[in-house]
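Next come the chains, spelled out residue by residue.
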Amino acid sequence: AFPFVLGFLENTSQGSVADLIPRGMDLLSLKRLHADAEFFELPDLAKICAVRMQRLQLRRVDPLGSGQHVSIRSAVIAAEGGETILIEPGVYEEAFEVTKSLTFLSNGADQQSVVIRGGLHGDATVVVAGAALHLQGISIERFRPDRKTLGCVVQVQRG
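Everything in this summary refers to the structure shown in the same document. Bear in mind the structure is a predicted one, so any value in this text is a computation, not a measurement.

### Some details on the environment of Arg142
Link 1 in the chain: Among the structural elements, Arg142 can be located in strand 9 (residues 138-142).
Link 2 in the chain: The buried category is assigned to Arg142, whose relative accessible area is 5%.
Link 3 in the chain: Along the chain, Arg142 and Arg117 lie 25 residues apart, while their C-alpha atoms are 5.4 Å from each other.

Next comes the structure, spelled out in structure tokens:
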């Protein structure tokens, strides 16, 4: 559990519940806090977490079709700068270019849950052109038919 959840349990008279959640908390930490609040039956804290998560621009990629997108490339094309793309576990065999600032967030348990594998035709797997790309829990590799990972995985271009 997060220290502020435990602090909330010990003494709820220390200001408002909203003060317990840091404003700059990343989405993954906010999701964990929300789950803890629900587990500890803290409805006010869970509600505040849910509202903050809704305010974040979030697109979901799921190759099985339960998200807004089935490929990362389509989510990147549809996204606006500053959005977070939540990616369900799996191996995504695709290559794409990122031209706006985005965050890729794995919804898996570890670094190998989400793998972006591309570059089959000699290109980089991900090209970042004049933008910022933040990765959390994502592996990127370049795959060749001879089963070797070779060459450029991420190409950064200034723009």
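The rest of the description comes next.
### Here we look at the nonpolar core
Link 1 in the chain: If you look at the biggest cluster of nonpolar residues, it comprises 18 residues, and the most contacted ones within it are Ile72, Val76, Ile85, Ile87, Phe96 and Phe104.
Link 2 in the chain: Among the elements of the structure, helix 4 (72-78), strand 2 (84-87), strand 4 (96-98), strand 5 (102-106), strand 6 (114-118), strand 7 (126-129) and strand 9 are those that each provide at least two residues to this core.
Link 3 in the chain: Examining the composition of this core, we find that three residues originate from one element, helix 4, more than from any other.
Link 4 in the chain: Leu30, Leu33, Leu42 and Leu45 belong to the second-largest nonpolar core, a separate cluster that totals seven residues.

### What to know about the pattern of salt bridges
Link 1 in the chain: This model, assessed by the stated rule, comprises five salt bridges.
Link 2 in the chain: Residue Glu93 pairs with Arg117 through a salt bridge whose shortest N-O separation is 3.6 Å. Separated by 24 residues along the polypeptide, Glu93 in strand 3 (residues 90-93) and Arg117 in strand 6 bring together distant segments of the chain.
Link 3 in the chain: Arg117 is paired through a salt bridge with Glu141; the nearest N and O atoms lie 2.6 Å apart. Here Glu141 lies in strand 9 and Arg117 lies in strand 6, a separation of 24 residues in the sequence.
Link 4 in the chain: Bridged by salt links that share partners, the residues Arg60, Asp62 and Glu88 form one connected network.

Thresholds applied
- Numbering of residues begins from 1 in every chain and follows the order in which that chain's sequence is written.
- In keeping with the predicted nature of the model, local features appear solely for residues at pLDDT of at least 70, side-chain atom pairs appear and are counted solely at 80 or more, and the whole-chain, interface and lining totals rest on all residues.
- Here the side-chain values reflect all heavy atoms present in the structure, with hydrogen atoms and water set aside.
- Helix and strand assignments follow DSSP, with helices taken as H or I runs no shorter than four residues and strands as E runs no shorter than two, numbered in order from the N terminus.
- Only protein chains enter the accessibility calculation, which uses a 1.4 Å probe; a residue whose area is less than 20% of its type maximum is buried, one above 50% is exposed, and one in between is partly exposed.
- Working definition of a nonpolar core: buried Ala, Val, Leu, Ile, Met, Phe, Trp, Tyr and Cys residues. They are joined through side-chain atoms within 4.5 Å.
- The term salt bridge refers to a pairing of a side-chain nitrogen on Lys or Arg with a carboxyl oxygen on Asp or Glu at a separation within 4 Å.

By themselves these figures say nothing about function.
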